[in-house]
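Chain residues, written in single-letter form:
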Amino acid sequence: MSLFELEAVGGPWARRLARRRAGLDALPFSELHAIDGAAREAARWVWTQSAFSEYASAAAFAQIASALLAAGAPIDLCAAAGDFVADEMLHAELSARVAMALGGAVPLEVDLSRLARPAESEGALLRAAELLVRTSCVGEALTVPLLKAARRKSELPLIKTILMRIVKDESQHAELGSWFLDWAD
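Residues numbered from 1 in each chain as written. Predicted model: local features only at pLDDT ≥ 70, side-chain atom pairs only at ≥ 80, totals over all residues. Heavy atoms only, no water.

Caption draft 1: Up close: the nonpolar core. Core analysis: the largest hydrophobic core is formed by 19 residues, its most contacted members being Phe29, Leu32, Trp47, Val98, Leu102, Ile159 and Ile162. Elements with a minimum of two residues in this core: α3 (37–70), α4 (75–101), α5 (124–153) and α6 (157–184). Discounting chain neighbours no more than four positions away, the residues touching Ile162 are Leu27, Phe29, Trp47, Leu94 and Val98. (Core = buried A, V, L, I, M, F, W, Y, C linked by side-chain atoms within 4.5 Å. Buried < 20%, exposed > 50% of the residue type's maximum accessible area, 1.4 Å probe, protein only. Helix = DSSP H or I, 4+ residues; strand = E, 2+ residues; numbered from the N terminus. Contact = heavy atoms within 4.5 Å.)

Below, the structure written as structure tokens:
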């Protein structure tokens, strides 16, 4: 177990994400300074957990991309799964930035060797299907309406903006499973 932390190296590696991160540094994170007391502490916990969940989702999509390649899936489905890893890392960064603006992430002990549950099915096609159903058809599909509800309830423009961005991406992530299942059929 170790403390969950995020960092970036920068340089050419940061430039690869520049298009995805466009406008991120201009977001008004300072509006979160108005939150105080118990609400602030609860929000720090929620956004720290969110950063970790998004990080774990990146691991799940990396695993899915590998499974799709092993199953001989179409190149566009494989590429989408790989691309979704970068989406999830951006979501992790956004969540972490919110937690930091609220006074810092809460200490979170994690086991990074267990980020994504491996598939147990026999055969490459079934392993890919298992991972996609679990992550895309169930996990991501359930996340979208929850995030939409949270966005509607939020009173802060920053949080609405961040949740809108995450919902946009997660909606596409939720569709990958059904596209794969249609192809595999």
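So, next bit.
Caption draft 2: Spatial organisation of a nonpolar patch on the surface. A contiguous nonpolar surface patch, about 310 Å² in accessible area, is contributed by Val133, Val138, Leu142 and Leu181. Relative to the helices and strands, Val138 is located in helix α5. (Patch = residues over 30% accessible without salt bridge, like charges linked within 9 Å, V, L, I, M, F, W, Y side chains within 5 Å. Areas by Shrake-Rupley, 256 points an atom, 1.4 Å probe, with all protein chains shown as cover. Salt bridge = Lys/Arg side-chain N within 4 Å of Asp/Glu carboxyl O.)

Caption draft 3: Geometry of the pattern of salt bridges. The final tally for this structure, using the stated rule, is ten salt bridges. A salt bridge links Arg97 to Asp25, with the shortest nitrogen-to-oxygen separation between them at 3.1 Å. With a gap of 72 residues between them, Arg97 in helix α4 and Asp25 in the loop between α2 (18–21) and α3 connect regions that are remote in the sequence. Under the relative-accessibility criterion, Arg97 is labelled partly exposed at 25%. Residue class for Asp25 comes out exposed when judged on its relative accessible area of 57%. Linking Lys168 and Asp169 is a salt bridge whose minimum nitrogen-to-oxygen distance equals 3.8 Å. Judged by its relative accessible area of 52%, Lys168 is exposed.

Caption draft 4: Region of the structure containing the environment of Phe29. On the secondary structure map, Phe29 appears in the loop between α2 and α3. In this structure Phe29 comes out as buried when scored by relative accessible area, which is 10%. Setting aside chain neighbours within four positions, we find Phe29 in contact with Leu24, Arg97, Val98, Ala101, Leu158 and Ile162.

Caption draft 5: Representation of the state of the cysteines. Applying the stated criterion to the full structure yields zero disulfides. Here Cys78 is not disulfide-linked; the sulfur of Cys137 is the nearest cysteine sulfur, at 16 Å. (Disulfide = S-S within 2.5 Å.)

Caption draft 6: Structural context of the side chain of Asp169. You can see Asp169 is positioned in helix α6. One polar contact links Asp169 to His91, side chain to side chain, over a distance of 2.8 Å. With residues near it in sequence (within four places) discarded, Asp169 still touches Asp87 and His91. (Polar contact = N/O pair within 3.5 Å; in protein donor to acceptor, adjacent residues only side chain to side chain.)

Caption draft 7: Local environment of the packing of aromatic side chains. Evaluated as defined, the whole model comprises four aromatic pairs. Ring centres 5.4 Å apart and planes at 70 degrees place the aromatic pair Phe4 and Tyr55 in the edge-to-face group. Note that Phe4 is positioned in the loop between β1 (2–3) and α1 (12–15) and Tyr55 in helix α3, a separation of 51 residues in sequence. Ring centres 5.7 Å apart and planes at 45 degrees place the aromatic pair Phe180 and Trp183 in the tilted group. Linking Phe180 with Trp183, this pair stays in helix α6, spanning three residues, or about one helical turn. Given a relative accessible area of 1%, Phe180 falls into the buried group. (Phe/Tyr/Trp six-rings, centres within 6.5 Å; stacked < 30°, edge-to-face > 60°.)

Caption draft 8: How the structure looks around the packing of α3 against α5. Two elements in contact, α3 and α5, have axes separated by 9 Å at closest approach and are oriented at 150 degrees. Like other packed secondary-structure pairs, α3 and α5 cross with a definite hand, here left-handed. Listed contacts from α5 to Ser57, Ala60, Phe61, Gln63, Ile64, Ala67, Leu68 and Ala70 of α3 are Ala124, Ala128, Leu131, Leu132, Thr135 and Glu140. Broken down by class, the residue content of the contact of α3 with α5 amounts to ten nonpolar, three polar and one charged. (Axes fitted to C-alpha atoms, helices over the stretch in contact; angles between N-to-C directions. Left-handed = near helix turned anticlockwise from the far one by under 90°. Nonpolar A, V, L, I, M, F, W, Y, C, P; charged D, E, K, R; others polar.)

What is shown is where atoms sit, not what they do.
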